[in-house]
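# Inside the fold
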Amino acid sequence: MPFADILGHARIVDVLQRSLRSGKTAHSYLFEGVPGSGRKKTALTLIQALFCSTQPDDACGICGSCRKVEGGNHPDIHLIAPLPDKRDISIEQLREMQHVLSLRPYEAPRKACIIDPAERMSVSAANSLLKTLEEPPGNALIILLTENAGMLLPTVRSRCQLIPFAPLSPEHILTLLERNGMAPETAALVAPMSGGSMQRAMELDNESLTLRRQAVLTSIGKMTIHQIATVFDASEQLSGNRDATLELLDMLLSFFRDAVHLGAGSGDIVNRSVRPAIESIAANRSFPGNLELLERIYETRRAVQRNANTKLALDNLFMTMAVSGR
Ligand SMILES: [Zn+2]
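Because the structure is predicted, anything quoted here is derived from the model rather than measured.

## Considerations on the overall build of the protein chain
A tally of helices and strands in the protein chain yields 15 helices and five strands. In terms of overall size, the protein chain is more extended than a compact globule, its C-alpha atoms giving a radius of gyration of 25 Å where 326 residues would be expected to give roughly 20 Å. Burial status across the protein chain gives 39% buried among its 326 residues. In the protein chain, the proportion of contacts linking residues at least 24 apart, taken out of those at least 6 apart, comes to 70%.

Listed below in structure tokens is the structure:
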């Protein structure tokens, strides 16, 4: 895929494309970031661009070479990972890799290799790699992927160009999930809880998320100032550790954003499958009341992020919710 399809890493893409244009790509790169932040895609795109037979600084996506990289069957790309029943990447695997890299490439201008996750190289394996990183045989390109560069030997780190990948923003995750065919409303729920990782976003269990959403909507529906107990019951039931509370607040943000949309006369909401519940939230207070509540949810979220007591934060928020309802 072309560099333009990589979301959220414009600066990194710029650096890589410049090095391609000037013919000065590094021998060895270390891509650091959470799994699912786009490290491997970027690594493969860099290799694809390097191999592309029509474009000097990007992957055309059409030529034979680009299609083979895309299809995962280019004979000059080598992926090194722990073997199925092993924890570590062994020294034997790296010796084999070094041998393969020293052979003439089949069709690409040079060979390329991705080691993932690099922190799983045994110490002896990592030591055996030092000379290769400095002077890869046959001018091969070596890309190490890691979650944390600090977990690698300093001698390995210092021989690679370090490229740190920030976690993806919820907006980028949302776009990518939709591109992958996830329903927009599921994507909108999952994106804020993904920690900037597509991998985590894809793993989040839709079913349990749906159940939780139902529980939250039921609780909100019951809250009224005439039954104060329902307010404290709800915060008791729904508050949890910080992550669970942030997840709940993200859900509330999504509901109230939709309610505000409805109040503003827009029929376009993300939580379409629970539309009646969203309509009753919208109808339960005035438009300015819902806007104000939306702001209060944001504030609560910020407070919880700054380590506020989750139960107290929710008590306050739910109280405001109950008082402002009709
Ligand atoms: Zn191409």
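## Considering the nonpolar core
Ranked by size, the top nonpolar core spans 46 residues in total, and within it Ala43, Ile47, Cys113, Ile115, Ile143, Leu144 and Leu145 carry the most contacts. The element contributing the most residues to this core is helix α2 (residues 39-51), with seven residues. Apart from residues no more than four positions distant in its own chain, leucine 144 is found in contact with Tyr29, Leu30, Ile115, Ala118 and Cys160. Counting 40 residues, the second largest nonpolar core, distinct from the first, contains Ala201, Leu217, Leu262 and Val304.

## A look at the sheet that holds strand β4 (residues 141-146)
In spatial order, the strands read β2-β3-β4-β1-β5; together these five strands make up an open sheet with parallel pairing. Since the sheet does not close on itself, it has two edges, and those belong to β2 (77-80) and β5 (161-164), each with one partner. Sheet twist, expressed as the mean angle between neighbouring strand axes with direction ignored, is 20°. Direction of pairing for strand β1 (residues 28-32) relative to β4: parallel, over a ladder of five bridges.

## Brief notes about helix α13 (residues 275-284)
Listed in full, the buried residues belonging to α13 are Ala277, Ile278, Ile281 and Ala282. Take α13 and look down its axis: the buried residues cluster within an arc of 140°, on one side only. Taken together, the buried residues of α13 touch α10 (206-222), α12 (242-263) and α14 (287-305).

## Examining helix α5 (residues 123-134)
Taking 1.5 Å as the rise per residue, α5 with 12 residues should run 16 Å; its terminal C-alpha atoms sit 17 Å apart, in good agreement. Along α5, the residues classified as buried are Ala125, Ala126, Leu129, Thr132 and Leu133. Down the axis of α5, the smallest arc covering the buried residues is 110°, so these residues share one side. For α5, the exposed residues lying more than 90 degrees away from the buried face are Val123, Ser124, Lys131 and Glu134. On its buried side, α5 packs onto β1, α4 (91-102), β4 and α6 (154-157).

## Structural notes on unusual backbone geometry
Cis rather than trans, the peptide bond between aspartate 116 and proline 117 has omega equal to -5°. By secondary structure assignment, the location of proline 117 is in the loop between β3 (112-115) and α5. Phi is positive for asparagine 139, which is not a glycine, with a value near 60°. Within the secondary structure layout, asparagine 139 lies in the loop between α5 and β4. Positive phi outside glycine occurs at asparagine 307, with the angle close to 80°. Note that asparagine 307 resides in the loop between α14 and α15 (310-324).

## A short note on the environment of lysine 131
One can find lysine 131 in helix α5. By the C-beta count within 10 Å, which is 12 here, lysine 131 ends up exposed. A sequence separation of 25 residues divides lysine 131 from valine 156, and the C-alpha atoms of the two residues are 9.6 Å apart.

## Notes on the pairing of β4
Counting buried residues in β4 gives six out of six residues, a clear majority hidden from the surface. Here β4 shows no split at all, with Leu141, Ile143 and Leu145 on one side and Ile142, Leu144 and Thr146 on the other all buried. Taken together, the four bridges between β3 and β4 define a ladder with parallel strand orientation. Pairing of isoleucine 114 across the sheet is with isoleucine 143, part of β4. Crossover handedness for the path β3 to α5 to β4: right-handed.

## Section: the environment of asparagine 127
Its location among the elements puts asparagine 127 in helix α5. Taking the number of C-beta atoms within 10 Å as the measure of exposure, asparagine 127 has 15 and is therefore partly exposed.

Reading the values: the criteria
Residues numbered from 1 in each chain as written. Predicted model: local features only at pLDDT ≥ 70, side-chain atom pairs only at ≥ 80, totals over all residues. Helix = DSSP H or I, 4+ residues; strand = E, 2+ residues; numbered from the N terminus. Rg over C-alpha atoms; globule rule 2.2 N^0.38 Å. Buried ≥ 20, exposed ≤ 12 C-beta atoms within 10 Å, placed from the backbone. Contact = placed C-beta atoms within 7 Å. Core = buried A, V, L, I, M, F, W, Y, C linked by C-beta atoms within 7 Å. Pairing = 2+ DSSP bridges. Axes fitted to C-alpha atoms, helices over the stretch in contact; angles between N-to-C directions. Arc of directions from axis to C-beta. Expected span 1.5 Å × (residues − 1). Right-handed = clockwise from strand over helix to strand, strands pointing away.

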